[in-house]
Amino acid sequence: MNGPHDLGGQMGFGPVAPEKDEPYFHAEWEKRALGITLSCGAFGAWSIDESRHARENIPPADYLTASYYEIWTRALEVLLERHGFATRTEIDSGHKQTVPATPKRILAADMVPGVLARGGPCDRPVDTEPLFQPGDRVRTRNFNPTTHTRLPRYARSKTGVVEAVQGSYVFPDDNAHGRGENPQWVYTVVFDGGEIWGEGADPTLTVSIDAWESYLERV
Amino acid sequence: MSEDHHHDHQHHHDNRYSDMQARVRALETVLTEKGLIDPGAIDAIVETYETKIGPRNGAHVVAKAWSDPDFAEWLKRDATAAIASLGYAGRQGEHMRAVFNTPDTHNLVVCTLCSCYPWSVLGLPPVWYKAPAYRSRAVIDPRGVLAEFGLTLPETRKIRVWDSTAELRYLVIPERPEGTDGMSEEALAKLVSRDSMIGTAIAGMQP
């Protein structure tokens with residue numbers, strides 16, 4: 001979707017504000033928000049793709065003014081409601097009123113090291129050979145789905161060169177919507193700055209994206 | 001009071017998030033009451049990222065790459081395995097790529113679409129990395145962004161921006177500073193800042 005999250009090339013946000021000796025957290029609630037989000041991810045009820053899409057669906061004015069842990073929290077509430085773990089009223093009141101859906105797993109403290117160490121690999125085998133090889137010229141497709149995609153707007157309908165075949169991975173555009181993992185080959189595709197930004201582009205700039213095979217067409 | 005509260009909910013802007021401390025406390029309370037989360041697990045997660053998983057991991061990787069050409073080669077060929085050999089793996093580091101700065105090319109990593117970041121080697125991302133200013137401008141005006149970090153590169157230096165749009169996570173291997181011959185891996189690691197492994201700094205640069 002062309003949501004507020006798709007920020008590449010947008011203007012008007014002012015300078016980057018690096019913070020000297022930045023703390024890991026800026027408030028106690030940020031710690032809890034991180035831990036709650038990861039704990040609920042362990043339920044196994046939704047994928048990382050679905051959670052990203054929930055974040056993208058936050059209304060633009062809210063998304064762009066929220067801190068990232070607020071973005072996570074807002075999206076988590078939507079996911080908890082959607083999957084039957086908590087109602088809006090429960091979340092607002094902070095008290096249990098209904099029996100929740102049964103998660104595949106509840107993250108206990110002693111499970112944390114193992115779960116973090118395993119992570120969530122999303123490489124998956126595919127039966128096909130890669131359509132493209134390093135050095136191939138490709139064009140990204142031009143589409144504007146209302147659903148989840150990882151092809152940024154600034155990189156649509158642009159011609160670049162395949163630099164690497166990176167393996168085959170879960171296809172987020174499907175997986176975010178429960179349509180299956182449907183893995184595809186992923187390629188690193190490099191674009192000249194001028195191809196993306198046109199007149200006045202930095203002549204020393206190249207930008208790469210990691211693109212699923214179905215984002216690409218041979219030139 | 002409760003009437004005002006109710007009234008607020010009718011506004012377009014969602015005031016439920018004006019007090020995040022209260023909001024998140026309510027969320028933790030209800031999920032704990034429902035038996036869905038273990039507050040102890042939250043403590044364990046926070047402790048992990050405050051004390052165990054952070055940029056020191058990445059600095060170790062970089063210092064080893066500077067000191068050991070075989071390791072550097074392995075890192076180029078199979079970063080996930082090379083990094084795992086030092087004990088760094090797992091969440092948001094499952095599929096790693098190491099990108100090496102050279103005298104010709106400077107690498108800069110961003111996630112324009114969300115906040116993808118190599119947690120296993122750098123820990124939790126800083127606020128600026130997740131914020132709109134960096135995510136919007138890194139791909140169109142990287143030199144302007146770098147200047148805001150106090151880094152000015154030669155005009156002829158190529159800049160390669162890696163937008164982390166898939167599940168690959170990028171670690172920049174900065175160039176080894178001059179005058180560091182003979183330094184131990186431990187001493188070298190101290191020259192490697194978090195930002196130099198994102199690409200918004202170079203190694204040995206004063207933060």
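Here, the structure is the one placed above.
What counts and how
- Residues numbered from 1 in each chain as written.
- Chains lettered and ligands numbered in written order.
- Predicted model: local features only at pLDDT ≥ 70, side-chain atom pairs only at ≥ 80, totals over all residues.
- Heavy atoms only, no water.
- Helix = DSSP H or I, 4+ residues; strand = E, 2+ residues; numbered from the N terminus.
- Buried < 20%, exposed > 50% of the residue type's maximum accessible area, 1.4 Å probe, protein only.
- Contact = heavy atoms within 4.5 Å.
- Areas by Shrake-Rupley, 256 points an atom, 1.4 Å probe, with all protein chains shown as cover.
- Lys, Arg positive; Asp, Glu negative; His and termini not counted.
- Charge placed at Lys NZ, Arg CZ, Asp CG, Glu CD.
- Pairing = 2+ DSSP bridges.
- Core = buried A, V, L, I, M, F, W, Y, C linked by side-chain atoms within 4.5 Å.
- Expected span 1.5 Å × (residues − 1).
- Polar contact = N/O pair within 3.5 Å; in protein donor to acceptor, adjacent residues only side chain to side chain.
- Buried area = accessible area lost by both parts, 1.4 Å probe.
- Salt bridge = Lys/Arg side-chain N within 4 Å of Asp/Glu carboxyl O.

Undergrad: Please give an account of the overall build of chain B that cites residues and values.
TA: Check the secondary structure of chain B and you find 12 helices and four strands. Principal axes of the C-alpha set define a box for chain B whose edges measure 70 × 40 × 30 Å. In chain B, which comprises 207 residues, the share counted as buried stands at 56%. A separation of at least 24 residues holds for 67% of the contacts in chain B among residues at least 6 apart in sequence. Accessible area of chain B: about 8700 Å², with a carbon and sulfur share of 51%. Taking the 22 positively charged and 28 negatively charged side chains of chain B as two groups, their mean positions are separated by 4 Å.

Undergrad: Which residues make up the pairing of strand β4 (residues 205-212) of chain A, and what values do they have?
TA: With respect to burial, β4(A) is a largely interior element, seven of its eight residues being buried. Both strand β3 (residues 184-192) of chain A and β4(A) contribute to a ladder of seven bridges, which runs antiparallel. The residue bridging Val190(A) from the neighbouring strand is Ser208(A), located in β4(A). Relative to strand β3 (residues 158-163) of chain B, β4(A) runs parallel, the two sharing five bridges. Bridging across to β3(B), Ser208(A) finds its partner in Trp162(B).

Undergrad: Can you explain the nonpolar core? Please cite residues and give values.
TA: Grouped together as the largest cluster of nonpolar side chains are 123 residues, with contacts concentrated most on Leu34(A), Leu80(A), Leu75(B) and Tyr134(B). Looking at which element gives the most residues to this core, the answer is helix α4 (residues 68-82) of chain A, with eight residues. In this view, Leu80(A) contacts Cys40(A), Phe43(A), Trp46(A), Phe85(A), Ala86(A), Leu27(B) and Leu31(B); residues no more than four positions away in its chain are not counted.

Undergrad: Before we move on, can you summarise helix α2 (residues 20-33) of chain B with the specific residues and values?
TA: Over its 14 residues, α2(B) extends 20 Å from the first C-alpha to the last, a length consistent with the 20 Å expected when each residue adds 1.5 Å. Residues of α2(B) that are buried in the fold lie against α1 (28-41), α4 and α5 (88-93) of chain A together with α3 (39-52) of chain B. Put simply, Asp19(B) is the residue that caps the front of α2(B), since its side-chain oxygen is 3.3 Å from the backbone nitrogen of Gln21(B). Positive backbone phi, at 75°, marks Gly35(B), one or two positions downstream of α2(B).

Undergrad: Describe in detail the interface of chain A and chain B, supporting the description with residues and values.
TA: When the parts of a complex come together, some accessible area is lost, and that lost area is often used as the size of the interface. On the chain B side, the residues contacting the 93 residues of chain A number 82 residues. Summing the contributions of chain A and of chain B, the shared interface buries around 7600 Å²; its carbon and sulfur component is 61%. Joining chain A to chain B, the criterion identifies 10 salt bridges. For the salt bridge of Glu90(A) with Lys34(B), the shortest nitrogen-to-oxygen distance reads 2.7 Å. Seen at the junction of chain A and chain B, the total is 42 residue pairs in polar contact (both at pLDDT 80 or more).

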